[in-house]
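Summary of the model geometry
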Amino acid sequence: MTHGTDSMDSPIHGTFGNGSVRSAEPEPQYSLKMFGEVVKTFRKRARLTQEQFAPLVGYSPETVASIEQGRRLPPPDFAERADSILDAFGVILAAAKHLTRRKRLASWFRQWAELELSALSLYTYECRLIPGLLQTPAYVRRLLADRLPPLADEQIEARLAARLERQRLLHERPNTAFSFILEEHLFLRDLGGEDVTRELLDHILDLSQLRNVEIQIMPLVRHHHAAIDGPMQLLETPDHQWFGYLEGQLYGQFVSDPKVVSVIQMRCASMRSQALSLEDSQSLMRRMRGAR
C-alpha cells in the first residue's frame, strides 16, 4: 500500500466495484494552481480575507490557503459552496471540472482519496506496515527505497511529497474521527533501524494526543482476532454512506456493496474491542520507545 491509503507505492492495478482494472500510473497534474487563482480572484472581489471566507465555505483558513496556492485538491463540495458564496457566475464550478482527482495519486486510488477529504470518520486496520497517515519521512523513504522494481530519486521525492500532503488531513479535518488499529509487530520489525522506529513511535504518540485521532495496538499475542484476512479501511461520508477499501500486493479494491461494507463494519467493531485500550496502547508504545 503506500500505504494503501497512500496509493503511491501501491499495487500495479486497482479493482473497482464494477470489476474493471485500471493502471496505477499517476495521471498528469492539471490546473490546481489556476483553480486556486480563480478562487482567490473572486474572494478578493468579494472583499473577504481567507480568515473571513473560511468559515463561510466550511473549511479552515489553512485549507483555503492550500487550495488558493494550488497545493491541494479542493474537497468535493468546496467549489459549489465557493461559487455560491462568492457569486462567481459558475466560473469556479467550471474551473473545478478540469481538475484531476488528486495530484500525484494513482488514478484507481483517487476515488477513495477524494472521499477522505470530507469524511466524517475513517477507520484503518493495518498488519503490514504503518498506515500512510501516520508515517514519518524517514519511514516513507525506507519503504520507497525498498520498492521493487526500484524507483528513481525523483519518483521517491514525488511520492514522499504526496504522502506528506495527505497527512495534512489529520490537522485540517479536526471534525473527522480517525481511528487506527496497528499490529504490535509493525514496530518490532524496526524497519529502517532503531532510530527510524524511535522517531516513528514519538510521532505516533504525539498524534495520539489529537482529539480526533484514536490509535490502538493489537498485541503480539491475542487469542481472538477478527481481521485475519488482512488490512481494511472503512469510511463514512457527510451523507452517512459507508464505503470500504481493501488492498493486496497487486490490487486495490474500492468497496461500495452494502453487504461487503457490513462485513467490514462488523470486523472493525470487533477489532476495536480486541485491541488494547487507548491508554494501554499508549503505554505499550512508550515501553517500546524506551527499549530503543
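The following refers to the structure shown. (Residues numbered from 1 in each chain as written. Predicted model: local features only at pLDDT ≥ 70, side-chain atom pairs only at ≥ 80, totals over all residues. Heavy atoms only, no water.)

The next point concerns the overall build of the protein. Assigned secondary structure in the protein consists of 13 helices and eight strands. Looking at the protein residue by residue over its 292 residues, the buried ones come to 52%. For the protein, the share of sequence-separated contacts (at least 6 apart) that also reach a separation of at least 24 residues comes to 75%. Carbon and sulfur atoms form 52% of the exposed surface of the protein, whose accessible area is close to 13,800 Å². (Helix = DSSP H or I, 4+ residues; strand = E, 2+ residues; numbered from the N terminus. Buried < 20%, exposed > 50% of the residue type's maximum accessible area, 1.4 Å probe, protein only. Contact = heavy atoms within 4.5 Å. Areas by Shrake-Rupley, 256 points an atom, 1.4 Å probe, with all protein chains shown as cover.)

Attention shifts here to the pattern of salt bridges. Inspection of every chain in the model, using the stated rule, returns 13 salt bridges. The salt bridge partner of R81 is D77, with a shortest N-O separation of 2.9 Å. Here R142 ties to D146 by a salt bridge, and the two come within 2.8 Å at their closest N and O atoms. Each of the salt bridges in this network shares a partner with another, and the network as a whole consists of E126, R128 and E247. (Salt bridge = Lys/Arg side-chain N within 4 Å of Asp/Glu carboxyl O.)

The omega angle of the peptide bond from L148 to P149 is 0°, so this bond is cis rather than trans. Mapped onto the elements, P149 comes out in the loop between α7 (137–145) and α8 (153–166). The phi torsion at D87 lies on the positive side, around 50°, for a residue other than glycine. Judged by relative accessible area, which is 46%, D87 ranks as partly exposed. If you check the backbone angles, H240 has positive phi at about 65° while not being a glycine. Mapped onto the fold, H240 is located in the loop between β6 (232–236) and β7 (242–247).

In this section: the nonpolar core. F78, I92, L182 and F187 are the most contacted members of the largest nonpolar core, which totals 55 residues. Here this core takes six residues from helix α11 (residues 194–207), the largest share from any one element. Ignoring sequence-local partners within four residues, the contact set of I92 consists of F35, V38, V39, F42, A79, A82, D83 and L86. If you look at the next biggest cluster of nonpolar residues, it comprises 14 residues, including M218, L234, I264 and M271. (Core = buried A, V, L, I, M, F, W, Y, C linked by side-chain atoms within 4.5 Å.)

Time to look at helix α4 (residues 78–85). Buried residues of α4: F78, A79, A82 and D83, and no others. Along the axis of α4, the buried positions cluster into a sector of 120°, meaning they face one direction only. Facing away from the buried side of α4, by more than 90 degrees, are the exposed residues E80 and S84. Buried positions along α4 lie against α1 (32–45), α2 (50–57), α3 (61–68) and α5 (91–96). (Arc of directions from axis to C-beta.)

Tallied over the full model, the rule gives six aromatic pairs. Centroid distance F53 to F78: 6.3 Å. Interplanar angle 80°. Geometry classified as edge-to-face. Taken as a pair, F53 in helix α2 and F78 in helix α4 lie far apart in primary sequence, 25 residues in all. Residue F53 shares its accessibility class with F78, and that shared class is buried. Relative to W242, the ring of Y123 has its centre 6.1 Å away and its plane inclined at 25°; by these criteria the two rings are stacked. Of this pair, Y123 sits in strand β3 (residues 121–126) while W242 sits in strand β7; the two residues are 119 residues apart in sequence, bridging distant segments of the chain. Among the aromatic side chains, those forming a connected cluster through ring pairs are W112, F243, Y245 and F254. (Phe/Tyr/Trp six-rings, centres within 6.5 Å; stacked < 30°, edge-to-face > 60°.)

Another aspect to go through is α7. Of all the residues in α7, the buried ones are Y139, V140, L143 and L144. Down the axis of α7, the buried set is contained in an arc of 130°. They therefore lie on one face. Contacts made by the buried residues of α7 are with α8 and α11.

With five of six residues buried, strand β5 (residues 213–218) is to be regarded as a mostly interior element. Sheet analysis places strand β4 (residues 177–183) next to β5, joined by six bridges and oriented parallel. Residue pairing in the sheet places F180 in a bridge with I215 of β5. (Pairing = 2+ DSSP bridges.)

On to the packing of α2 against α3. Two numbers describe how α2 lies on α3: the axes approach to 8 Å, and their chain directions differ by 105°. Relative to α3, the element α2 is oriented roughly perpendicular. Each of Q50, E51, F53, A54 and V57 in α2 lies in contact with α3, whose residues at this interface are P61, V64, A65 and E68. Classifying every residue of the contact of α2 with α3 by side-chain character gives six nonpolar, one polar and two charged. (Axes fitted to C-alpha atoms, helices over the stretch in contact; angles between N-to-C directions. Parallel < 35°, antiparallel > 145°, perpendicular 65-115°, else oblique. Nonpolar A, V, L, I, M, F, W, Y, C, P; charged D, E, K, R; others polar.)

With that out of the way, let us pick up a nonpolar patch on the surface. Judged by side-chain polarity, L188, L220 and V221 come together as a nonpolar surface patch covering roughly 290 Å² of accessible area. Tracing the chain through its elements places V221 in the loop between β5 and β6. Overall, the relative accessible area of 62% leaves V221 in the exposed class. (Patch = residues over 30% accessible without salt bridge, like charges linked within 9 Å, V, L, I, M, F, W, Y side chains within 5 Å.)

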